[in-house]
Amino acid sequence: MIAHGSGQHQLYASVPAHSAFGNPASNDDKVEERKESEEMSKAFEAVAGVRKEVDKLSERVTALEVAVNSGTKVANEEFDVSAELLMRELLKLDGIESEGEVKLQRKAEVQRVQNFHDTLDKLKARNSNPFSDKLKAVKVATNWGTFDSRMGNLTAPLPTSSSTNVTRDWERFDD
């Protein structure tokens, strides 16, 4: 701004209203951004803490898996305690409010906990009945349920031998 006075030009510095120096709302925005950054940092730390605990529990699940696979009978309490500890970590994850990258990490950790819990359920079932290998039955059913994307590659399983005698003698019924 130029002011005319006594024949000389005087300059006045004016601070625009949208400047960070002159606008208290801008300072509030910075405070809000800092607060959000701190919350995100806390969420990252919380997810990392849960991940560390789940890593420890994964070692426990692996030890149970080795024991069951080797035919060692494991007390059901071991499965129940491990499942309970995993559920506690899942509850911790549920309590973490997150967005963006933190949300993705949280979601991945939730999936990981659920997978370990599923593994424990399968191991517990195999441990209680070691003569039924349910994992192989699931695998066979899964293989049968998968299809190749190329046409003409859908082949039915070969017929198995049975005591049933199939003939082409059909009875006709009149309506």
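The structure we're discussing is the one just above.
Reading the values: the criteria
Residues numbered from 1 in each chain as written. Predicted model: local features only at pLDDT ≥ 70, side-chain atom pairs only at ≥ 80, totals over all residues. Heavy atoms only, no water. Helix = DSSP H or I, 4+ residues; strand = E, 2+ residues; numbered from the N terminus. Buried < 20%, exposed > 50% of the residue type's maximum accessible area, 1.4 Å probe, protein only. Contact = heavy atoms within 4.5 Å. Areas by Shrake-Rupley, 256 points an atom, 1.4 Å probe, with all protein chains shown as cover. Expected span 1.5 Å × (residues − 1). Arc of directions from axis to C-beta. Salt bridge = Lys/Arg side-chain N within 4 Å of Asp/Glu carboxyl O. Core = buried A, V, L, I, M, F, W, Y, C linked by side-chain atoms within 4.5 Å. 1 Å grid on protein atoms, 1.4 Å probe; cavity = no way out; pocket = protein on both sides within 12 Å on 5 of 7 lines; lining within 4 Å. Points joined across faces, edges and corners; volume = space filled by probe spheres on them. Nonpolar A, V, L, I, M, F, W, Y, C, P; charged D, E, K, R; others polar. Axes fitted to C-alpha atoms, helices over the stretch in contact; angles between N-to-C directions. Parallel < 35°, antiparallel > 145°, perpendicular 65-115°, else oblique. Left-handed = near helix turned anticlockwise from the far one by under 90°.

K.L.:
What is the right way to read the overall build of the protein chain from this model?
P.N.:
In terms of helices and strands, the protein chain carries 4 helices and 2 strands. Residues classed as buried in the protein chain amount to 19% of the 175 residues present. Taking as baseline every contact in the protein chain between residues at least 6 positions apart, the subset at least 24 positions apart corresponds to 61%. Split by element, the accessible area of the protein chain, about 14,500 Å² in all, is 54% carbon and sulfur.

K.L.:
Help me understand helix α2 (residues 76-94), please; the structure alone is not making it clear to me.
P.N.:
For an α-helix the count is 3.6 residues per turn, leaving residues at separations of three or four pointing the same way. In this model α2 runs 27 Å from its N-terminal to its C-terminal C-alpha over 19 residues, within 8% of the 27 Å that 1.5 Å per residue would give. If you check which residues of α2 are buried, you get F79, S82, A83, L86, E89, L90 and L93. The buried residues of α2 all sit within an arc of 120° when viewed along its axis, so they share a single face. Within α2, the exposed residues directed more than 90 degrees away from the buried face are E77 and L91.

K.L.:
What exactly am I supposed to notice about the pattern of salt bridges here?
P.N.:
Where charged atoms from two side chains of opposite charge come close, those side chains can pair. By the definition in use, this model includes 9 salt bridges. Between D80 and K124 there is a salt bridge, with its nearest N and O atoms 2.7 Å apart. Here K124 lies in helix α3 (residues 100-128) and D80 lies in helix α2, a separation of 44 residues in the sequence. Classification of K124 as partly exposed rests on a relative accessible area of 28%. A salt bridge links E89 to K92; the nearest nitrogen and oxygen atoms lie 3.1 Å apart. Of the two residues, E89 and K92 both sit in helix α2, 3 residues apart, roughly one turn of that helix. Residue K92 is classed as partly exposed on the basis of its relative accessible area of 45%. Within this structure, R51, D55, E109 and R112 form a network of salt bridges that share partners.

K.L.:
Before we go on, may I ask you to explain the nonpolar core in this structure?
P.N.:
Buried together is how nonpolar side chains tend to be arranged in soluble globular proteins. Counting 22 residues, the largest nonpolar core has L64, V74, F79, L86, L93, V113 and L120 as its most contacted members. Listed by contribution, the elements that provide at least two residues to this core are α1 (24-69), α2 and α3. With 9 residues, α1 is the single largest residue contributor to this core. When sequence neighbours within four positions are dropped, the list of residues in contact with V113 reads V54, L86, L90 and L93.

K.L.:
Help me understand the layout of surface pockets in this model?
P.N.:
Summary: where empty space remains is shown by rolling a probe the size of a single water molecule over the atoms. Counted as a void, the largest pocket has a volume near 250 Å³. In terms of lining, the largest pocket is formed by E36, S37, E39, M40, A43, E97, S98, E99 and V102. Ranked by residues supplied to the lining of the largest pocket, first place goes to α1 with 5 residues. Across the lining of the largest pocket, the residue classes tally to 3 nonpolar, 2 polar and 4 charged.

K.L.:
Where do I start with the packing of α2 against α3 in this structure?
P.N.:
To describe two helices that pack against each other, one gives the angle between their axes and the distance between the axes. Following both chains from N to C, one finds α2 and α3 inclined at 165°, their axes separated by 10 Å at the closest point. On the basis of the axis angle, α2 is roughly antiparallel to α3. Here the hand of the crossing between α2 and α3 comes out left-handed. In this structure, α2 contributes N76, F79, D80, S82, A83, L86, M87, L90, L93 and D94 to the contact, and α3 contributes R106, E109, V110, V113, F116, H117, L120, L123, K124 and N127. Here the residues of the contact of α2 with α3 sort into 11 nonpolar, 4 polar and 5 charged.

K.L.:
What should I look at first to understand the side chain of S82 in this one?
P.N.:
Looking at the secondary structure, you find S82 in helix α2. The residues contacting S82, other than those within four sequence positions of it, are R60, L64 and L120.

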